[in-house]
Amino acid sequence: MNPQIELQKKQIAAVRYWEDNTTEELLFGGAKGGGKSYLGCFLIFSNALMYPDTSYFIARRDLNDLVKFTYPSIVEVFNAMGLSFTAYVSYNGQHSYFTLHNGSKVYFIDCKKLPSDPDFQRFGSLQFTRGWFEEIGQIDSMAIINLAAAVGRWKNSEYNLKRKILMTCNPNKGYAYNNFYLPQKSGSLPEFRK
């Protein structure tokens, strides 16, 4: 299997950060149509295909938005790679996860704030190899912090994989602004963030 895919210049730069040994958290932002979802689908599913029995998440505030808007982008990326989606992946709609032919799994995670779980303790026992927050401007900061803590805990050592989190967003003054934009502007962005 040698899938090929065309990416824009900025997406290629993001792929390089995804593959380096320094970056752990990567923010990819921009306006509608800038290729954010396409990049996320490519990074998560190409890793899931390359590393058997690994585990990933794609998180968004509302699960329904993942099913309606991200799922079609996943199929689009498989088509662009020249791979039959149904030959490599099955989707469990009841429990919101994909199982790949090599045993890897990709979970859709609902990050909606619940009155019964205001601190997002439901993410405490999860273990993932890598993950992607889609539209982080819509996600509560505590959800990002708690779910991010679950990354790097599933077969990373076995495959010598660095903990990686992709965050995609439209411009806003939330988590991305405070943790990426302002530190970048002041020259204080930590080396593990790009």
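Residues numbered from 1 in each chain as written. Predicted model: local features only at pLDDT ≥ 70, side-chain atom pairs only at ≥ 80, totals over all residues. Heavy atoms only, no water.

### Considering the packing of aromatic side chains
In total, this model carries 17 aromatic pairs according to the counting rule given. Ring geometry for Y71 against Y91: centres 5.2 Å apart, planes inclined by 80 degrees, an arrangement best described as edge-to-face. Of this pair, Y71 sits in helix α3 (residues 63–80) while Y91 sits in strand β3 (residues 89–92), placing them 20 residues apart in sequence. Here the aromatic cluster, defined as three or more aromatic residues joined through ring pairs, consists of F45, Y71, F78, F85, Y91, F98 and F108. (Phe/Tyr/Trp six-rings, centres within 6.5 Å; stacked < 30°, edge-to-face > 60°. Helix = DSSP H or I, 4+ residues; strand = E, 2+ residues; numbered from the N terminus.)

### Concerning the packing of helix α2 (residues 36–50) against α3
It is the contact of α2 with α3, at a shortest axis distance of 9 Å, that shows an interaxial angle of 65 degrees. Here α2 and α3 pass one another in a crossing that is right-handed. Contacts between α2 and α3 involve S37, Y38, C41, F42, F45 and L49 on the former and, on the latter, T70, S73, I74, E76, V77, F78 and A80. Residue classes in the contact of α2 with α3 are distributed as 9 nonpolar, 3 polar and 1 charged. (Axes fitted to C-alpha atoms, helices over the stretch in contact; angles between N-to-C directions. Left-handed = near helix turned anticlockwise from the far one by under 90°. Contact = heavy atoms within 4.5 Å. Nonpolar A, V, L, I, M, F, W, Y, C, P; charged D, E, K, R; others polar.)

### Observations regarding the nonpolar core
Within soluble globular proteins, side chains that are nonpolar generally end up buried alongside one another. Counting 30 residues, the largest nonpolar core has F45, I58, I74, F78 and V106 as its most contacted members. In terms of residues, this core owes the most to one element, α2, which gives 9 residues. Not counting the four nearest positions on each side in its chain, F45 is found in contact with I58, I74, F78, F98, L100 and V106. Core analysis: the second largest hydrophobic core is formed by 23 residues, F120, I139, A176 and L189 among them. (Core = buried A, V, L, I, M, F, W, Y, C linked by side-chain atoms within 4.5 Å. Buried < 20%, exposed > 50% of the residue type's maximum accessible area, 1.4 Å probe, protein only.)

### Let's talk about the pairing of strand β7 (residues 164–169)
Where burial is concerned, most of β7 is hidden: 6 out of the 6 residues are buried. Along β7, one buried face is formed by K164, L166 and T168 and the opposite face, lined by I165, M167 and C169, is buried too. Two elements, strand β1 (residues 25–29) and β7, share 5 bridges in a ladder whose sense is parallel. Its bridge partner lying in β7, E25 is registered against I165. (Pairing = 2+ DSSP bridges.)

### Some thoughts on the sheet that holds strand β5 (residues 105–110)
Spatially, the 7 strands line up as an open sheet ordered β1-β7-β6-β2-β5-β4-β3, and their pairing is mixed. Strands at the two margins of the open sheet, each flanked by one partner only, are β1 and β3. Each strand of the sheet is rotated relative to its neighbour by a mean of 15 degrees, with strand direction disregarded. In the sheet, strand β4 (residues 97–100) pairs with β5 via 3 bridges, with the strands oriented antiparallel. Along β5, the bridge assignment pairs F98 with V106.

### Side note on unusual backbone geometry
Even without glycine at this site, S96 takes up a positive phi of about 60 degrees. Note on placement: S96 falls in the loop between β3 and β4.

### Notes on α3
Look at α3: 25 Å from first C-alpha to last across 18 residues, which is about the 26 Å you get at 1.5 Å a residue. Where α3 bends most, the angle comes to about 35 degrees, and this point is T70, followed within four residues by the proline P72. In the stretch just after α3, G82 is the one whose phi turns positive, near 75 degrees. (Expected span 1.5 Å × (residues − 1). Bend = angle between axes of the 7 residues up to and from the residue.)

### As for the pattern of salt bridges
Within this structure, the stated rule accounts for 9 salt bridges. Between E25 and R193 there is a salt bridge, and its shortest N-O distance comes to 2.7 Å. Note that E25 is positioned in strand β1 and R193 in the segment after α7 (175–186), a separation of 168 residues in sequence. Of the two residues, E25 and R193, both sit in the buried class. The partner of R122 in a salt bridge is D117, with the nearest N and O atoms 3.0 Å apart. A relative accessible area of 29% means that R122 is categorised as partly exposed. Sharing partners across several salt bridges, the network here consists of E24, E25, K162, R163 and R193. (Salt bridge = Lys/Arg side-chain N within 4 Å of Asp/Glu carboxyl O.)

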